[in-house]
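Structural characterization, general
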Amino acid sequence: MSDLTEPVRGLTASWGTVLRDVRTLAADLTSASVELARQVPVVPVEQLLAGWSRAEDTVLRELKTRLDQLDEPRVRRGAPLGQPGAPRSAARMLEDLLTASIEADSATSVEELYRALLLHLVPDEARILAALADGTSYPLIHVQSRSNGWRTVLANASTVGRAAGVQVPDAVPLYVGRLRALGLAEEGPADDSLAVHYDILLGEPSVRRAEEDAKEAGRLNSRMIRRTLRISPLGRRLWQACRPEDDLEPSPLSDSELLDADAMAPALRRPEPGPGFQPDTAFRPVTTANGTNGTGPALS
C-alpha cells in the first residue's frame, strides 16, 4: 500500500512547486506593472476631452463634405448627351425655359431677370453699380482717331472705377462697356460742371496712351468725346429690389414696364462702342411724349 502512495505524494509536491512559481511570477509582474504605470505621465482629463472634440470635428467635417458631394449635380464633361451625368441639351434647356415662362407670373419673371443680370457681373462691376446707384453721374470719355472714319481707340474711360474702389483699374472701360451692354448703366451728354473731373480723367495713363495711339494712327488728328455715365432705369430698379433700404430716386419704369418690349427697346437699341461707333452722334436731343427735350439714341 505504501508503494502506491509514494508516486501520488511526488506528483502533489511537483504541482505545489509549479503553483508557487506561478504565484511568484504573478507577483513580480504586478510589481513591474505598478512601477511602469508610475513612470508614465498622467494625461489631464481636459486634454483628453479636447482631443476627443477635435477628432469629432474632423469626422463631422468629412461627413459634411461627402454629403455635399452627394447633393451636387454630377455633370461629367464630355459625356454624351442623354447619358447620366451629361449636361442638358440645347433643346431641353429651351423646353424648360418655355415651360417656366408658362407657370411664372410678373413678379417671378422680374426676379429671374434680375438674377440673370447679376450672374453676368463680376465683383468690380457690382461696385461700379453701387457707385452709380445714388444717381451720381461720372465723366465718360471716348478717344477716337481720324483714320478709317473716326475709329474708336478707347471707349468708356471713366473715373467711376476710382470712386467705386475697383480692384482692377485697367479694366474699368471693359466693366463700363459690360454694364452698358446689360442695360444697367447708360451714357448721357457731357456735363460742364464736371470739368475738373474730365481733366483728371484726361490725365489717366490709359487715356494718354490711347490719345498717342490715336494721333499716330490718324496722322496727328484725334479727338476726345466727353460724355457722362449714369445708372439706367433698369439698373435703378434692380438696385431698389435688392437693396430696398437704400433711399434712391424711384425709377421711371415700373416692374411691368421692365418686361414691356416697347419700354425696353430704346435701351436695347442703344449703340455700344465698336469699330463704327460714333459717341458724338449716338445721343441727340429728342422730344418726349410730354413735349420736353430728352436724350435718346440717334435715329437712322
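Residues numbered from 1 in each chain as written. Predicted model: local features only at pLDDT ≥ 70, side-chain atom pairs only at ≥ 80, totals over all residues. Heavy atoms only, no water.

1. Here we look at the overall build of the protein chain
Stated precisely, the cut-off is as follows: Secondary structure follows DSSP: runs of H or I at least 4 residues long count as helices, runs of E at least 2 residues long count as strands, and numbering of each begins at the N terminus. Here the term buried applies to any residue with accessible area under 20% of the maximum for its type, exposed to any over 50%, and partly exposed to those in between, with areas from a 1.4 Å probe on protein chains only. When checking whether two residues touch, look at their non-hydrogen atoms; a contact exists if any pair is within 4.5 Å. Computed with the Shrake-Rupley method and a 1.4 Å probe, the accessible areas treat only the protein chains shown as cover for residues.
Counting its secondary structure elements, the protein chain contains 14 helices and six strands. Residues counted as buried form 27% of the 300 residues belonging to the protein chain. Taking the contacts inside the protein chain whose residues are at least 6 apart along the sequence as the reference set, 64% of them involve residues at least 24 apart. About 20,300 Å² of surface is accessible on the protein chain, with carbon and sulfur atoms providing 57% of the total.

2. Focus: the confidence of the model for the protein chain
The condition is simple: By definition, pLDDT measures how confident the predictor is in each residue, and it falls between 0 and 100.
Averaged over every residue, the pLDDT of the protein chain is 74; residues scoring 70 or more account for 60%. Here residues 263-300 is a poorly scored stretch, pLDDT under 50, and it has 66 contacts once near neighbours within four places are set aside; other chains count.

3. Notes on the pairing of strand S2 (residues 151-158)
How we decide: Here, any two strands with at least 2 DSSP bridges between them count as paired.
The element S2 is extensively covered by neighbouring structure, given that six of its eight residues are classed as buried. Bridge count for strand S1 (residues 138-145) against S2 is five bridges, and the pairing is antiparallel. The partner of Leu140 across the bridge, within S2, is Ser158.

4. Focus: the environment of Ala171
Checked against the element boundaries, Ala171 lands in the loop between helix H7 (160-164) and helix H8 (172-181). With a relative accessible area of 15%, Ala171 lands in the buried category.

5. Some words on the packing of helix H5 (residues 123-132) against H8
Our working rule: For helices, the fitted axis covers only the stretch in contact; all axes are lines through C-alpha atoms, and the angles between them, taken along N-to-C directions, range from 0 to 180 degrees. Should an angle lie under 35 degrees it is considered roughly parallel, over 145 roughly antiparallel, and from 65 to 115 roughly perpendicular; all remaining angles are considered oblique. Any residue that is not Ala, Val, Leu, Ile, Met, Phe, Trp, Tyr, Cys, Pro, Asp, Glu, Lys or Arg is counted as polar, Gly included; the first ten are nonpolar and the last four charged.
Contact geometry for H5 and H8: axes closest at 10 Å, N-to-C directions at 70°. Taken together, H5 and H8 sit at an angle that is classed as roughly perpendicular. For the pair H5 and H8, contact is made by Asp124, Glu125, Ile128 and Leu129 and by Tyr175, Arg178 and Leu179, respectively. The residue makeup of the contact of H5 with H8, split by class, is four nonpolar, no polar and three charged.

6. Structural notes on helix H4 (residues 106-119)
Helical geometry note: an α-helix holds 3.6 residues per turn, so side chains three or four residues apart project in the same direction. Applied cut-off: To estimate how far a helix should extend, the number of its residues minus one is multiplied by 1.5 Å. It is the directions from the helix axis to the C-beta atoms whose arc is reported.
Its 14 residues give H4 an end-to-end C-alpha distance of 20 Å, which sits within 8% of 20 Å, the value for a rise of 1.5 Å per residue. Residues Val110, Tyr114 and Leu117 constitute the buried set of H4. Burial along H4 is one-sided: seen end-on, the buried residues are contained in an arc of 65°.

7. Thoughts on the sheet that holds strand S4 (residues 222-231)
Read across the sheet, four strands follow the order S2-S1-S4-S3 without closing on themselves; strand pairing throughout is antiparallel. This sheet does not close on itself; its edge strands, each paired only once, are S2 and strand S3 (185-188). Between one strand and the next, the sheet's axes are offset by a mean angle of 30°, whatever the strand orientation. Sitting on the sheet, H5 is in contact with S1, S3 and S4, with an inclination near 75° to S4.

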